[in-house]
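Close look at the chain arrangement
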Number of protein chains: 2
Amino acid sequence: MKKLINDPDDVVTEALQGMAAAHGDLIRVNLDPAYIVRADGPVQGKVAILSGGGSGHEPMHGGFVGRGMLDAACPGAVFTSPTPDQVQAATQACDGGAGVLHIVKNYTGDVLNFETAAELAAAEGSNVRAVVIDDDVAVKDSLYTAGRRGVGGTVLAEKIVGAAAERGDDLDAVVALCERVNANVRSMGMALTSCTVPAAGEPTFTLGDDEMEIGIGIHGEPGRERLPLEPADRIVDRLLEPILEDLPFSSGDRTLLFVNGLGGTPLIELYVVFRRAAQVLEERGITVARNLVGDWITSLEMAGTSLTLLKLDDEMIELWDAPVLTPALRKGL
Amino acid sequence: MKKLINDPDDVVTEALQGMAAAHGDLIRVNLDPAYIVRADGPVQGKVAILSGGGSGHEPMHGGFVGRGMLDAACPGAVFTSPTPDQVQAATQACDGGAGVLHIVKNYTGDVLNFETAAELAAAEGSNVRAVVIDDDVAVKDSLYTAGRRGVGGTVLAEKIVGAAAERGDDLDAVVALCERVNANVRSMGMALTSCTVPAAGEPTFTLGDDEMEIGIGIHGEPGRERLPLEPADRIVDRLLEPILEDLPFSSGDRTLLFVNGLGGTPLIELYVVFRRAAQVLEERGITVARNLVGDWITSLEMAGTSLTLLKLDDEMIELWDAPVLTPALRKGL
């Protein structure tokens, strides 16, 4: 295992200390239990948006804490759900009295622990609601998941819903918007290589020199099929087709196209992927009104990509364009 | 070779097409010869800032074209200098009549081709000046380089000098500022793995499972020494020591600490690196007044990191904080 770490047990804590040192103007970091909150939070009278999940997907979620996006994030151990007490503590730390929305990726451990945390926080007087994101069309059930997995759509939901909370929308409105984003977003990913969880020390899975995994999960969970490596354009077609069929997306739709890198794929390749995806959508009469390209929801150093497509409406576009100031995503502030 | 590409010969062109499709609001892309210019350029009466070099270091330089940073960028083939005619065409395309600054990384091919381009553009009436960046303390001469290599300091120079040009500084002032940044910035990098140039199809070099290369160049050029893998904190110390000694940096200095990923290293590890680097600087009484963490000057999918330290003055801080709106770097616009 070749990693820039000290003790595998200390990776998450030391990375959080690094984030605190780098971004003290934007965030505050609590180490035990581990959570990140807005430096200026809790913001009184504002709905708080909280997300979390296993570490190893950076910049998600901690990199999205700040004005216009998340009020708090709970990083678990690498690829491991945050604990209920951790989520509860973060919930109370960001609660400004107008309610707290938990944005939860659909993995069994996350869903259970966020539910327990919500009950604990409610007992302490917080008004907590949750929306579970399940945008991955690759598989119906999966390792760690009943139903579809939550992947790239989470990033888009956090930006859009975060902007709505920032402008003062109430908890009911924010919940309804988050559900609307989840209902209109679809994703699918693929991997060229595995990744290695520090505490495991060995690759999560193995792929032959000429193989790729289509429909991979962000923890290396099996996808739809393992195939010989193909040109990028063909791979993009394999990912887009099930996405487009599923909603379905149709001619005339305005969309946000999100080409995500899983951590080990160079940006130059992500733009090769974007080129083809944009071509296919244009051929089908689907407008790419907004886009996002880069490593935003990763799987440590996995090489590969995921595509996410969100059907936009006017409100979502306005909220996507709203200013944001976080360690990872910045614009207009 | 596992890459998300089609034909290796088409990678740069197709990535540029992807960039054009994604960022048409910010940039315009010319394919033959290949260059990227600001969508609103040439900006009349403003000094134009142009950079370029081999592809494979994305987001540098194309991702830095836009308001407050570069007016144009010339991407060569992967790890190959742009041609003189390419640089000349880009120079004329961004020239707003107030002169053009070429920011050139110190590699023999880049320096020669930018010089030739400057002569060609001058013959067509452009007023061109050049500053060569050579911030890498690892080695004196190197494969492809007489003198020190230009690495991470280039990113900081482009941001700071770009902001100066944006506020209306004249060509003499912008040149002097760029030279001042270069005189006050030092860098050093290390690699855990090699990378593979698409047209070569094989890794540029090989490292054993337990080896790392200290002082690596951004094209995989040999560094100072090849050592057994060590904990991240020890690696950071090995990189920082020669940087601190070289300028030298002293107690009381205000600095910008830039922890860069080479493409294949997860962000969580870069924050582990940042933590240690910030600790060491604090122990020495050196203030980290600003910072940058992430993949900004990469070597395709190489795993590793580079540290860059810039001694700041008031003007540099003001220009670092100025708004910027480019595909890769955004703030305040």
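Here, the structure is the one placed above.
A few points on the structure. (Residues numbered from 1 in each chain as written. Chains lettered and ligands numbered in written order. Predicted model: local features only at pLDDT ≥ 70, side-chain atom pairs only at ≥ 80, totals over all residues. Heavy atoms only, no water.)

1. Overview of the interface of chain A and chain B
Chain A puts 56 residues into the contact, and the matching count from chain B is 55 residues. Carbon and sulfur atoms make up 65% of the area that chain A and chain B hide from each other, which totals about 4,500 Å². Ionic pairing is found between Glu14(B) and Arg275(A), a salt bridge with its closest N-O pair at 3.9 Å. Applying the counting rule to chain A against chain B returns 22 residue pairs in polar contact (both at pLDDT 80 or more). Of all the elements in the fold, those that place two or more residues in the side of chain A that touches chain B are α1 (11–22), α6 (232–246), α7 (267–283), β11 (287–294), β12 (304–311) and β14 (330–331) of chain A. Along the lines of polarity and charge, the residues of the side of chain A that touches chain B split into 30 nonpolar, 14 polar and 12 charged. (Contact = heavy atoms within 4.5 Å. Buried area = accessible area lost by both parts, 1.4 Å probe. Salt bridge = Lys/Arg side-chain N within 4 Å of Asp/Glu carboxyl O. Polar contact = N/O pair within 3.5 Å; in protein donor to acceptor, adjacent residues only side chain to side chain. Helix = DSSP H or I, 4+ residues; strand = E, 2+ residues; numbered from the N terminus. Nonpolar A, V, L, I, M, F, W, Y, C, P; charged D, E, K, R; others polar.)

2. Here we look at the side chain of Asp169(A)
Residue and element names in this part refer to chain A. Secondary-structure assignment places Asp169 in the loop between α4 (153–166) and α5 (171–183). Within the structure, Asp169 has its side chain in polar contact with the side chain of Arg167 (distance 2.9 Å). When near neighbours in sequence (up to four residues on either side) are disregarded, Asp169 contacts Val47, Ala164, Val174 and Glu315.

3. Description of the environment of His57(A)
Residues and elements named next belong to chain A. Examined against the element boundaries, His57 turns out to sit in the loop between β3 (48–55) and β4 (72–78). The class for His57 is buried, based on a relative accessible area of 0%. In the structure, His57 is positioned 18 residues away from Pro75 in sequence and 9.6 Å away in space, judged by C-alpha atoms. For His57, the residues in contact, after removing those within four places along its chain, are Phe79, Ile218, His219, Trp296, Ile297, Thr298 and Ser299. Within the structure, His57 has its side chain in polar contact with the side chain of His219 (distance 3.2 Å). From its side chain, His57 meets the backbone oxygen of Thr298 in a polar contact 2.6 Å long. (Buried < 20%, exposed > 50% of the residue type's maximum accessible area, 1.4 Å probe, protein only.)

4. A short note on the nonpolar core
Counting 103 residues, the largest nonpolar core has Leu307(A), Ile49(B), Leu101(B) and Leu310(B) as the members making the most contacts within it. By residue number, the principal contributor to this core is α7(A), which donates 10 residues. Excluding anything up to four places from it in sequence, Leu310(B) contacts Leu156(B), Ile160(B), Val181(B), Asn184(B), Val185(B), Phe249(B), Arg254(B), Thr255(B), Leu256(B) and Met316(B). Leu4(A), Phe64(A), Ile243(B) and Leu270(B) belong to the second largest nonpolar core, which has 102 residues in total. (Core = buried A, V, L, I, M, F, W, Y, C linked by side-chain atoms within 4.5 Å.)

5. Structural notes on the pairing of strand β5 (residues 100–105) of chain A
Residues and elements named next belong to chain A. Buried residues dominate β5, accounting for 6 of its 6 residues. Burial along β5 is two-sided: Val100, His102 and Val104 facing one way and Leu101, Ile103 and Lys105 facing the other are all buried. Here β3 runs beside β5; their pairing, made up of 4 bridges, is parallel. Following the sheet pairing, Leu50 is matched in β5 by His102. For β5 and strand β6 (residues 128–133), the ladder comprises 6 bridges, and the chain directions are parallel. In the strand pairing of β6, Lys105 is matched with Ile133. Since β5 and β6 lie parallel, the crossover through helix α3 (residues 108–123) that links them has a hand, and here it is right-handed. (Pairing = 2+ DSSP bridges. Right-handed = clockwise from strand over helix to strand, strands pointing away.)

6. Concerning the packing of α4(A) against α5(A)
Residues and elements named next belong to chain A. Relative orientation of the contacting elements α4 and α5 amounts to 160 degrees, with a least axis distance of 10 Å. Considering their axes alone, α4 and α5 lie roughly antiparallel with respect to each other. Taken as a pair, α4 and α5 cross one another with a handedness that is right-handed. Residue-level contacts link Ala157, Ile160, Val161, Ala164 and Ala165 of α4 to Val174, Leu177, Cys178 and Val181 of α5. In terms of residue class, the contact of α4 with α5 is made up of 9 nonpolar, no polar and no charged. (Axes fitted to C-alpha atoms, helices over the stretch in contact; angles between N-to-C directions. Parallel < 35°, antiparallel > 145°, perpendicular 65-115°, else oblique. Left-handed = near helix turned anticlockwise from the far one by under 90°.)

7. Some thoughts on the sheet that holds strand β3 (residues 48–55) of chain B
All names here are of chain B. One open sheet holds the 6 strands; their spatial order is β1-β2-β4-β3-β5-β6, and the pairing between them is mixed. Both edges of this open sheet fall to β1 (27–31) and β6 (128–133), since each of them pairs with a single strand only. Neighbour-to-neighbour, the strand axes of the sheet open up by a mean angle of 20 degrees, direction not taken into account. Against the sheet, helix α1 (residues 11–22) contacts β1, β2 (34–38), β3 and β4 (72–78), and its axis sits at roughly 155 degrees relative to β1.

8. Concerning the sheet that holds strand β2 (residues 34–38) of chain A
All names here are of chain A. Strand order in the open sheet made by the 6 strands is β1-β2-β4-β3-β5-β6, with mixed pairing throughout. Taken across any chain shown, the strands that pair with only one partner, and hence form the sheet edges, are β1 (27–31) and β6. Geometrically, the sheet is characterised by an average inter-axis angle of 20 degrees between neighbouring strands, direction not taken into account. Lying over the sheet, α3 contacts β3, β5 and β6, oriented at roughly 165 degrees with respect to β5. Sheet strands touched by α5: β3, β5 and β6. Its angle to β6, the strand with the most contacts, is close to 5 degrees.

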